[in-house]
Amino acid sequence: MSVRQNMFNRITQDLAPGKLEWIGLRRERRGQVDVVSQVCAIESLGLEGDRRCHGTPGSARQVTLISLEHIEVVAKLLGKDIIEPATLRRNLVVSGININALRHQRFTIGEALFEATAYCHPCSRMEEALGKGGHAAMLWHGGMCAKIMKSGQITIGDTVQKVDL
């Protein structure tokens, strides 16, 4: 393990747990987002019923997460009272945990084990979804991509907890 990784592990070891607030499945590209209360996370594939679950096994972008706190920041930057999570097309909304600090870390939600792989940068469609300035408002607030390391059921209200290796 590199010196940088050791330092990052020490910084994040006391990361407070969070909570799963919302689950959305995108059954097809550009299709409607279906909101569900629970779903099975399938190792190396994605969330059961989500279009990415049928993609390339082992992809680093099997699941996308965003924090409720970042959604609130984006709303304020755009002068909106609220932004519905489905508008942002992420799979999971969590609260109470700094998901940016989870990058390259493992964490659990419910019975499933995840590994955060990369920042989920906003695409140009955010202008279409959020209006003028949407893409800029989402910069550094777009969430995180993750892969599923161990299958399991996840349910709204589950704890989001960093796992020490």
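The text that follows walks through the structure, step by step, so that each part is easy to find. Every value quoted in this text rests on a predicted model; they were computed, and no experiment measured them.

### Observations regarding helix H2 (residues 68-77)
Every buried residue belonging to H2 is among His-70, Ile-71, Val-74 and Ala-75, and all of these are buried. Burial along H2 is one-sided: seen end-on, the buried residues are contained in an arc of 145°. H2 presents Lys-76 and Leu-77 as exposed residues on the side facing more than 90 degrees away from its buried surface.

### Some points on the nonpolar core
Leu-47, Leu-65, Leu-92, Phe-107, Ile-109, Phe-114 and Ile-154 are the most contacted members of the largest nonpolar core, which has 25 residues in total. Setting aside anything within four residues of it in sequence, one finds Phe-107 in contact with Leu-65, Leu-102, Ala-112, Leu-113, Phe-114, Glu-115, Ala-116, Ala-146, Val-160, Gln-161, Lys-162 and Val-163. Judged by nonpolar contacts, the second largest core, of 13 residues, contains Trp-22, Ile-71, Met-126 and Ala-137.

### Structural notes on the sheet that holds strand E10 (residues 152-155)
For sheets, the rule is that strands pair by backbone hydrogen bonds, running either parallel or antiparallel. Taking strand neighbours across the sheet as the criterion, the 3 strands line up as E4-E3-E10 in an open arrangement whose pairing is antiparallel. Every other strand in the sheet has two partners, leaving strand E4 (46-47) and E10 as the edge strands with one partner each.

### Quick word on the environment of Glu-21
Its place among the elements puts Glu-21 in strand E1 (residues 18-26). When its relative accessible area of 28% is taken as the criterion, Glu-21 is described as partly exposed. When the C-alpha positions of Glu-21 and Gly-49 are compared, they lie 19 Å apart, and in sequence the two are 28 residues distant. Among residues more than four places away in sequence, those in contact with Glu-21 are Leu-68, Val-93, Val-94, Ser-95 and Ile-156.

### Observations concerning the pairing of strand E11 (residues 159-163)
On E11, burial follows the alternation: Val-160 and Lys-162 on one face are buried, whereas Thr-159, Gln-161 and Val-163 on the facing-out side are not. Strand direction decides the pairing type here: E1 and E11, joined by 2 bridges, are antiparallel. Looking at E11, one finds that Gly-18 is bridged to Val-160.

### Quick word on the pattern of salt bridges
Within this structure, the stated rule accounts for 5 salt bridges. Between Glu-115 and Lys-147 there is a salt bridge; the shortest N-O distance is 3.8 Å. Residue Glu-115 is found in strand E8 (residues 112-119), and its partner Lys-147 is found in strand E9 (residues 144-150); the two are separated by 32 residues along the sequence. Residue Glu-115 is classed as buried on the basis of its relative accessible area, which comes to 18%. Residues Lys-162 and Asp-164 are paired through a salt bridge, measuring 2.8 Å at the closest nitrogen-oxygen approach. The exposed category is assigned to Asp-164, whose relative accessible area is 52%. Linked by salt bridges that have partners in common, Arg-106, Glu-115 and Lys-147 make up one network.

### Comments concerning the packing of aromatic side chains
Enumeration over the complete set of coordinates arrives at 2 aromatic pairs. Ring plane angle 10° and centroid distance 5.4 Å describe the contact between Phe-107 and Phe-114, whose orientation is recorded as stacked. The burial state of Phe-107 is the same as that of Phe-114; both residues are buried. Considering the side-chain rings of Tyr-119 and Trp-140, the 5.6 Å spacing of their centres and the 80° angle between planes classify their relative orientation as edge-to-face. Within this pair, whereas Tyr-119 is found in strand E8, its partner Trp-140 is found in the loop between helix H5 (134-138) and E9, the two being separated by 21 residues in sequence. Judged by its relative accessible area of 25%, Tyr-119 falls in the partly exposed class.

Rules of the game
- Residues numbered from 1 in each chain as written.
- Predicted model: local features only at pLDDT ≥ 70, side-chain atom pairs only at ≥ 80, totals over all residues.
- Heavy atoms only, no water.
- Buried < 20%, exposed > 50% of the residue type's maximum accessible area, 1.4 Å probe, protein only.
- Helix = DSSP H or I, 4+ residues; strand = E, 2+ residues; numbered from the N terminus.
- Arc of directions from axis to C-beta.
- Core = buried A, V, L, I, M, F, W, Y, C linked by side-chain atoms within 4.5 Å.
- Contact = heavy atoms within 4.5 Å.
- Pairing = 2+ DSSP bridges.
- Salt bridge = Lys/Arg side-chain N within 4 Å of Asp/Glu carboxyl O.
- Phe/Tyr/Trp six-rings, centres within 6.5 Å; stacked < 30°, edge-to-face > 60°.

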